[in-house]
Amino acid sequence: MKVLVTGGTGFIGSHAVVSLIEAGMKPIIVDNFDNSLPSVLENLKAITQTTVPFYKIDCNDQEAVNEVFETEKDIEGVIHFAAHKAVGESVINPLKYYQNNIGSLIVILKMMKKHQTPHLVFSSSCTVYGQPDQLPVTEHSPIIPAQSPYGNTKQICEEVIRDTVKSAQTEQDDFQLNAILLRYFNPIGAHLSGHIGELPLGVPNNLVPYIIQTAAGIREKLTIFGKDYNTPDGTCVRDYIHVMDLADAHVKALQLLVNKKQTNNTCEVFNIGTGKGNSVQELVQTFEKVNNLKLNYEFGNRRPGDVEQIYASVAKANQELGWQAQRSLEEGLRDAWNWQQKLMK
Ligand code: WQD
């Protein structure tokens with residue numbers, strides 16, 4: 001089965017490409033290297049011994065996307081990762097986010113319709129829940145108004161997909177579309193080989209990239225944002241999911257879509273996390289322990305916009321996708337550090 005992977009050289013996309021190949025699927029990558037590097041393609045080859053077809057295009061470029069569908073002919077599924085994802089930048093430059101994240105999805109959906117591609121897996125985010133009243137959050141937990149243009153684009157994209165699936169159900173339309181929206185919690189880690197991992201350009205915003213760069217001496221110290229939250233140790237709680245587990249969830253999602261072919265035109269949502277909450281301080285201590293090093297860190301003010309705690313209910317993913325996280329927090333933090341060390345060689 002040919003699967004178009006947009007953003008396939010990015011952090012999650014590149015790991016998903018590995019999982020797809022291992023599952024016997026045929027990924028085709030499109031990426032514009034906006035937040036990734038061409039060397040990822042070589043590194044994917046080192047892991048999989050496969051040369052993955054690649055097109056350097058922007059998913060907002062409809063003609064270019066159309067050409068990929070025409071060249072590859074029988075693309076059966078799309079995993080749409082390509083998007084901007086920096087929350088802070090989205091506040092400063094919202095139009096960039098609305099244009100890119102929503103525009104590219106619309107192009108993808110139009111081209112899927114034109115070329116009769118029935119299966120879509122979309123990268124959504126736990127950010128749609130904001131600070132939930134009840135934990136763990138289920139897929140039925142309320143969606144709250146987004147805290148940032150980035151978060152808003154994820155909510156809007158979910159709606160765009162739902163409406164497109166609905167429209168495909170009408171009799172006038174012979175377009176068959178099935179979609180799965182995966183709401184990711186906090187991805188960490190790297191491929192065990194150390195060939196691929198997270199490559200933030202510039203100063204990282206996310207916790208684990210900041211930690212590994214601090215451990216590597218690239219950053220002077222980590223600031224833990226807030227120690228006065230209403231949590232066991234006063235620091236925020238998140239659900240940290242190993243990127244290879246997250247990657248595997250995409251394979252399961254595609255398999256579910258393909259197997260459900262007879263019941264067309266459905267849109268399902270799944271939380272993809274471990275189901276376990278860990279505090280920032282716990283994560284830092286676990287990082288020190290598994291990697292046998294000391295991290296330079298201090299406590300600072302809260303970061304505006306951070307939710308206090310969130311972690312996933314993964315019951316639906318367990319039952320319906322047949323998926324659950326296999327890797328521990330320790331493995332994620334070991335693999336992330338291994339990746340950073342390899343980068344420095
Ligand atoms: C985790 C925790 C910080 C950096 C964001 C997006 C979300 C997403 C993942 C998409 C928080 C604390 C962080 C630092 C710290 N998806 N922290 N010092 O904010 O949970 O989620 O990334 O791409 O949509 O909102 O992730 O890694 O930034 O923060 O103390 O230098 O680490 O306050 O509690 P977050 P994060």
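Above this text you will find the structure in question.
The following paragraphs examine the structure supplied in this document. (Residues numbered from 1 in each chain as written. Predicted model: local features only at pLDDT ≥ 70, side-chain atom pairs only at ≥ 80, totals over all residues. Heavy atoms only, no water.)

### Some remarks on the side chain of N66
At step 1: Within the element layout of this structure, N66 appears in helix α3 (residues 62–72).
At step 2: A polar atom in the side chain of N66 sits 2.6 Å from the side chain of H115.
At step 3: In contact with N66, not counting residues within four places along its chain, are M111, K114 and H115. (Helix = DSSP H or I, 4+ residues; strand = E, 2+ residues; numbered from the N terminus. Polar contact = N/O pair within 3.5 Å; in protein donor to acceptor, adjacent residues only side chain to side chain. Contact = heavy atoms within 4.5 Å.)

### A closer look at the environment of G275
At step 1: When you line up the elements, G275 lands in the loop between β11 (267–272) and β12 (278–279).
At step 2: A relative accessible area of 31% places G275 in the partly exposed class.
At step 3: Separated by 138 residues in sequence, G275 and V137 place their C-alpha atoms 9.1 Å apart.
At step 4: If we ignore the near neighbours within four places in the chain, the residues touching G275 are D239, Y311, A312 and V314. (Buried < 20%, exposed > 50% of the residue type's maximum accessible area, 1.4 Å probe, protein only.)

### Observations concerning the pairing of strand β5 (residues 119–125)
At step 1: Of all seven residues making up β5, seven are buried, and the element is well covered by its neighbours.
At step 2: The side-chain alternation of β5 yields two buried faces, one formed by H119, V121, S123 and S125 and the other by L120, F122 and S124.
At step 3: As defined by bridge partners, strand β4 (residues 75–80) adjoins β5 across four bridges and the pair is classed as parallel. Counterpart to H80 in the pairing with β5 is F122. (Pairing = 2+ DSSP bridges.)

### What about a nonpolar patch on the surface?
At step 1: On the surface, a cluster of nonpolar side chains totalling about 270 Å² of accessible area is made up of I218, L343 and M344.
At step 2: Mapping M344 onto the fold places it in the segment after α11 (329–343). (Patch = residues over 30% accessible without salt bridge, like charges linked within 9 Å, V, L, I, M, F, W, Y side chains within 5 Å. Areas by Shrake-Rupley, 256 points an atom, 1.4 Å probe, with all protein chains shown as cover. Salt bridge = Lys/Arg side-chain N within 4 Å of Asp/Glu carboxyl O.)

### Topic: helix α2 (residues 39–48)
At step 1: Within α2, the full set of buried residues consists of V40, L44, I47 and T48. Projected down its long axis, α2 carries its buried residues within an arc of 80°, all on one side.
At step 2: Buried residues belonging to α2 abut α1 (11–22) and β2 (26–31).
At step 3: Once α2 ends, the next one or two residues include Q49, with phi positive near 60°. (Arc of directions from axis to C-beta.)

### A few points about the site of the ligand
At step 1: Close to the ligand lie 20 residues; L207, T223, F225, R238 and D306 are nearest.
At step 2: Within the backbone of F225, a nitrogen or oxygen atom sits 2.9 Å from an oxygen atom of the ligand.
At step 3: Elements with a minimum of two residues in the shell around the ligand: α7 (207–215) and β8 (222–225).
At step 4: For the shell around the ligand, the element with the highest residue contribution is β8, accounting for four residues.
At step 5: A per-class count over the shell around the ligand returns 10 nonpolar, six polar and four charged.
At step 6: Taken domain by domain, the shell around the ligand gets at least three of its residues from each of domain 1 (2–188 + 240–272) and domain 2 (207–239 + 275–340). (Near = heavy atom within 4 Å. Nonpolar A, V, L, I, M, F, W, Y, C, P; charged D, E, K, R; others polar. Domains from an automatic or database assignment.)

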